[in-house]
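Structure assessment
Here's the letter readout for the chains.
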Amino acid sequence: MDRMQHQGEKRLDALFAEYRMACPDPEPSADFMPSMWKRIEARRVATVSVFRHWAQICVMATLALTVLIGGVLIPKFQENAASSSSYLEALSAEHSADYIHMLAGGPR
Amino acid sequence: MLVEFELIERARSGDDSAFNQIVQAYRKRILGTISRTIGRPEDVEDVGQEVFLRLYYSLDQLRTPEVFEPWLYRLTVNAAYDYLRRQRRRQESRMSDLSEQQVMLADAAAGSKRRDEEQRRTKIRELAQSLLGQVSEEDRILLTLKEVEGLSLKELEKIYSVNENALKVRLFRARQRVLKAFGARENSEAVSKAGLGSADDSE
């Protein structure tokens, strides 16, 4: 059994050696290098266009954010600032009323 | 090494002419390895270009020029593996192409002696490829690199970044499967020959 196995191994080795000889290294065609460089360039262009695409997305997002800040958030802040000043006014007005009450000898 | 370390360094730093020289030095060897691994002559250049394309865009990740060859082989193994996986998905539709291609190869061979030699080679290629087809794509490539390309375990260790013992186990199992298929094929051929012989005797 071992001998048969050994013979099988030897025949398989011989087959692999013959396979190696039956498939010699092929000569590259004349088009090999130009095609390879075309593929490299195509990949480079694709990578650049992906970057460009992302850059465009970033620019658009920045613009949208700017518009949002300029058109919505700033007026809202200004509105808040205006209401806070009127609140101060209202507060001081209330204090002065208390003071008037106190002066008038009213309930504390 | 087929090229100087300095050339690899230049290619790493973005010198396209240095890269061109590297490709010219290695392309024949790489195409040979791919050819014996994938077994389809018409797709060899396509896979070879893919290997060098991957090399071009990964050269900056190469730590030192000393590991260039294992690196290139790893890229070759990966490209061949990707090809074989894609190939498996469309295997049925491709079966008819194979016979056409073999017919074309046989027709192309001029003269009967040359044709006989080409037929013998085609048979060997068919047999070896069908036996290697008995194992997974990964093992097929590993076995081809070891048994057909003649790479040592040390070289394979560098390519696969796996320790020698793990590789030995994988190689042993893959080889046993191929050996079993080879034995079964030889037996069936012997039986069919004996059957033919007895049929001839009865006539």
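**Looking at the overall build of chain A**
Counting secondary structure elements, chain A contains 2 helices and 0 strands. Of all 108 residues assigned to chain A, the portion counted as buried reaches 5%.

**Section: the overall build of chain B**
Helix and strand counts for chain B come out as 9 helices and 0 strands. Each of the 203 residues in chain B was classed as buried or not, and the buried ones make up 29%. Long-range pairs, those at least 24 residues apart, make up 58% of the contacts in chain B between residues at least 6 apart in sequence.

**Regarding the interface of chain B and chain A**
The figure often quoted for interface size is the accessible area lost as the parts come together. Opposite the 27 residues of chain B that make contact, chain A presents 22 residues. Elements that contribute at least two residues to the side of chain B that touches chain A include exactly α2 (16-38), α3 (44-58), α6 (112-132), α7 (137-148) and α9 (164-202) of chain B. A breakdown of the residues in the side of chain B that touches chain A according to their chemical character gives 15 nonpolar, 4 polar and 8 charged.

**Structural notes on helix α4 (residues 68-89) of chain B**
With 22 residues, α4 of chain B should cover 32 Å at 1.5 Å per step; its first-to-last C-alpha distance of 32 Å lies within 8% of that length. Looking at the buried positions of α4 of chain B, the neighbouring elements they touch are α1 (5-12), α2, α3, α7 and α8 (153-160) of chain B.

**Quick notes on α1 of chain B**
Residues and elements named next belong to chain B. Of the positions making up α1, those classed as buried are Leu7, Ile8 and Ala11. Taken down its axis, α1 places every buried residue within 100° of arc, on the same side. Across from the buried face of α1, at angles greater than 90 degrees, the exposed residues are Phe5 and Glu6. The inward-facing, buried residues of α1 abut α2 and α4. Among the residues trailing α1, Gly14 stands out with phi positive, at a value near 100°.

**Some words on the nonpolar core**
Ile22, Ile34, Ile38, Val47, Ala80 and Val178 of chain B are the most contacted members of the largest nonpolar core, which totals 45 residues. Among the elements that make up this core, the one with the highest residue count is α4 of chain B (9 residues). Residues in contact with Val178 of chain B, not counting those within four places in the same chain, are Leu12 of chain A together with Leu131, Leu132, Gln134, Val135 and Leu143 of chain B.

**A short note on the confidence of the model for chain B**
All names here are of chain B. Per-chain confidence: chain B averages 87 in pLDDT, with 85% of residues scoring 70 or above. At the low end of the mean pLDDT range in chain B sits helix α5 (residues 91-108), at 56; at the high end sits α3, at 96. Listed scores for the predicted complex are pTM 0.72 and ipTM 0.80.

Parameters and conventions
- Residues numbered from 1 in each chain as written.
- Chains lettered and ligands numbered in written order.
- Predicted model: local features only at pLDDT ≥ 70, side-chain atom pairs only at ≥ 80, totals over all residues.
- Helix = DSSP H or I, 4+ residues; strand = E, 2+ residues; numbered from the N terminus.
- Buried ≥ 20, exposed ≤ 12 C-beta atoms within 10 Å, placed from the backbone.
- Contact = placed C-beta atoms within 7 Å.
- Nonpolar A, V, L, I, M, F, W, Y, C, P; charged D, E, K, R; others polar.
- Expected span 1.5 Å × (residues − 1).
- Arc of directions from axis to C-beta.
- Core = buried A, V, L, I, M, F, W, Y, C linked by C-beta atoms within 7 Å.
- pLDDT = per-residue confidence, 0-100.

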